[in-house]
Amino acid sequence: MIVVTGATGGLGGATVEHLLRRVPADRIGVSVRDTAKARHLADRGVRVRQGSYEDPATLRDSFAGAEQVLLVSGNDPAADMVALHRNAIEAAVAAGARRILYTSQHGAAPGNPYRPSDIHLATEAILGDSGVAWTALRNGAYGPLDQVLGPWQRTGVIAQPADGPVPYTDRADIAEATAAVLAGDRSFDGPVTLTAPTAVTFDDFAKIASDLTGHTIKRVVLDDEQWVADQITNGVPEQVARLMLTWYQAARAGHFAEADPLLTELLGRAPRTAADRLAADIAT
């Protein structure tokens, strides 16, 4: 059995949908905080059990019978995510899982200023000491482009801090590839990188957007502290704004610049490009 955590969230839920196209439903289980939100999966034959990273006992029960467990990483900036991930890993080992897969981060490396990088590296170290086979899926940045670029369609300006090349990746492609890894015959040991094949900058986005719209979209580089102040004015908590600032700092230092062909290989087709995604956003 393959058990997926976070199956009522975006990435976990999409991964389960792709798994259902590859393996029988009775070979899939999900571990979720609120089983009522996974009723649509239970109705299709997926085993649904309650499990929380904060409660190892529920996790062990929800992982029972699993050959593989997909641990979707948490993102609560106020929580001790390394400790919570340790709970999940230990529960998967106790349940007898033969392989643990974990959604890590592209560019996770010592010295990366983006703070979640340290969480992912620490979790990967725990996996390495777990005594079972493991795979860390170092996923490319797959957040919605309107969150990355800001309200450029309204303002005609991409006004963000200095950046660097990033292979912005479609979450749907990541989910499909994750299901391919879980359901496939090929084993991946340790960290693997899943990204779109080409890294782009905000300057590139401005050119793409200009070509798509027929209007000049400008790229304006904001001072870091001014950007933080603007975010706070717009209602973003300062802690969150400063966390996101470290992402821009990591991008311009080149920590996300390297793309990888594995996603294309797993999909058997070209992943969606930044231009594809931007065009779709404009159409909606």
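In this convention, every chain numbers its residues from 1, walking through the sequence in written order. Note on the predicted model: pLDDT of at least 70 is required for a residue's local features to be given, and 80 or more for side-chain atom pairs to be given and counted; whole-chain, interface and lining totals, by contrast, use all residues. Just so you know, side-chain values use all the structure's heavy atoms and leave hydrogens and water out.

1. A word on the side chain of Arg219
Phase 1: Each helix is a run of DSSP H or I of at least 4 residues and each strand a run of E of at least 2, with the numbering of both proceeding from the N terminus. Turning to its location among the elements, Arg219 is positioned in strand E9 (residues 218-222).
Phase 2: Of the polar contacts made by the side chain of Arg219, one reaches the backbone oxygen of Gln160; its length is 2.8 Å.
Phase 3: Any N or O atom pair separated by 3.5 Å or less is treated as a polar contact, with the protein-specific requirement of one donor-capable and one acceptor-capable atom, and with residues adjacent in sequence counted only for side-chain atom pairs. Of note is the side chain of Arg219, whose polar atom sits 3.4 Å from the side chain of Asp163.

2. Let's talk about the environment of Arg138
Phase 1: Along the chain, the position of Arg138 falls in strand E6 (residues 133-139).
Phase 2: The sequence separation of Arg138 and His106 amounts to 32 residues, and the corresponding C-alpha distance is 4.4 Å.
Phase 3: Contacts are residue-level and defined by heavy atoms, with any inter-residue pair within 4.5 Å sufficient. Setting aside residues up to four positions removed in sequence, Arg138 forms contacts with Ser104, Gln105, His106, Ala108, Leu121, Glu124, Pro191, Val192, Thr193 and Leu194.
Phase 4: Here Ala108 takes part through its backbone oxygen, which lies 3.3 Å from a polar atom of the side chain of Arg138.
Phase 5: Of the polar contacts made by the side chain of Arg138, one reaches the side chain of Glu124; its length is 2.7 Å.

3. Points about the pairing of E6
Phase 1: For every residue, the accessible area (1.4 Å probe, protein chains only) is compared with the maximum for its type, and the residue is labelled buried under 20%, exposed over 50%, or partly exposed between those bounds. Of all 7 residues making up E6, 6 are buried, and the element is well covered by its neighbours.
Phase 2: After leaving strand E5 (residues 99-105), the chain enters helix H5 (residues 116-128) and then returns to the sheet as E6, a path that is right-handed.
Phase 3: Pairing geometry for E6 and strand E8 (residues 190-194), over 5 bridges, is parallel. For Ala136, the partnering residue across the bridge sits in E8 and is Pro191. Viewed with both strands pointing away, a crossover whose connecting path from the first strand over the helix to the second turns clockwise is right-handed. Note on pairing: DSSP must find at least two bridges between two strands before they are called paired.

4. Quick look at the packing of helix H1 (residues 10-20) against helix H8 (residues 171-183)
Phase 1: Two numbers describe how H1 lies on H8: the axes approach to 8 Å, and their chain directions differ by 50°. With respect to their mutual orientation, H1 and H8 come out oblique. In this structure, the crossing between H1 and H8 has a hand that is right-handed. Here Gly10, Leu11, Ala14, Thr15, His18 and Leu19 of H1 lie close against H8, whose contacting residues are Arg171, Ala172, Ile174, Ala175, Glu176, Thr178, Ala179, Leu182 and Ala183.
Phase 2: Class assignment of the residues belonging to the contact of H1 with H8 gives a composition of 9 nonpolar, 4 polar and 2 charged. The axes used here are C-alpha line fits, helices contributing only the stretch in contact, and every angle between their N-to-C directions lies in the interval 0 to 180 degrees. Any angle from 65 to 115 degrees is called roughly perpendicular, while one under 35 is roughly parallel, one over 145 is roughly antiparallel, and all others are oblique. Should the near helix be turned counterclockwise from the far one by less than a right angle, the crossing is left-handed, whereas a clockwise turn marks it as right-handed. The nonpolar class holds Ala, Val, Leu, Ile, Met, Phe, Trp, Tyr, Cys and Pro. Asp, Glu, Lys and Arg form the charged class, and all remaining residues, Gly among them, are polar.

5. Details of the side chain of His85
Phase 1: Mapped onto the elements, His85 comes out in helix H4 (residues 81-94).
Phase 2: Setting aside anything within four residues of it in sequence, one finds His85 in contact with Tyr53, Ser73, Gly74, Tyr102, Ile119 and Thr123.

6. Focus on the packing of aromatic side chains
Phase 1: Between rings of Phe, Tyr and Trp, where Trp is taken as its six-membered ring, a pair exists when centres lie within 6.5 Å; planes separated by under 30 degrees are stacked, by over 60 edge-to-face, and by other angles tilted. Here the structure, examined in full by the defined rule, presents 7 aromatic pairs.
Phase 2: Taken together, the ring pairs connect Tyr114, Tyr168, Phe202, Phe205, Trp227, Trp247, Tyr248 and Phe256 into an aromatic cluster.

7. Concerning the pattern of salt bridges
Phase 1: We count a salt bridge whenever a side-chain nitrogen from Lys or Arg sits within 4 Å of a carboxyl oxygen from Asp or Glu. Across all of its chains, the model carries 14 salt bridges by this definition.
Phase 2: In this structure, Glu17 engages Arg44 in a salt bridge whose closest nitrogen and oxygen atoms are separated by 2.8 Å. Of this pair, Glu17 sits in helix H1 while Arg44 sits in the loop between helix H2 (39-42) and strand E3 (47-50), placing them 27 residues apart in sequence.
Phase 3: Accessibility expressed as a relative area gives 25% for Glu17, which makes it partly exposed.
Phase 4: Given a relative accessible area of 41%, Arg44 falls into the partly exposed group.
Phase 5: The salt bridge involving Arg33 is made with Glu54; its shortest N-O contact spans 2.9 Å. Of this pair, Arg33 sits in the loop between strand E2 (28-32) and H2 while Glu54 sits in the loop between E3 and helix H3 (56-63), and the two are 21 residues apart along the sequence.

Everything listed here is a matter of geometry and, on its own, says nothing about what the molecule does.
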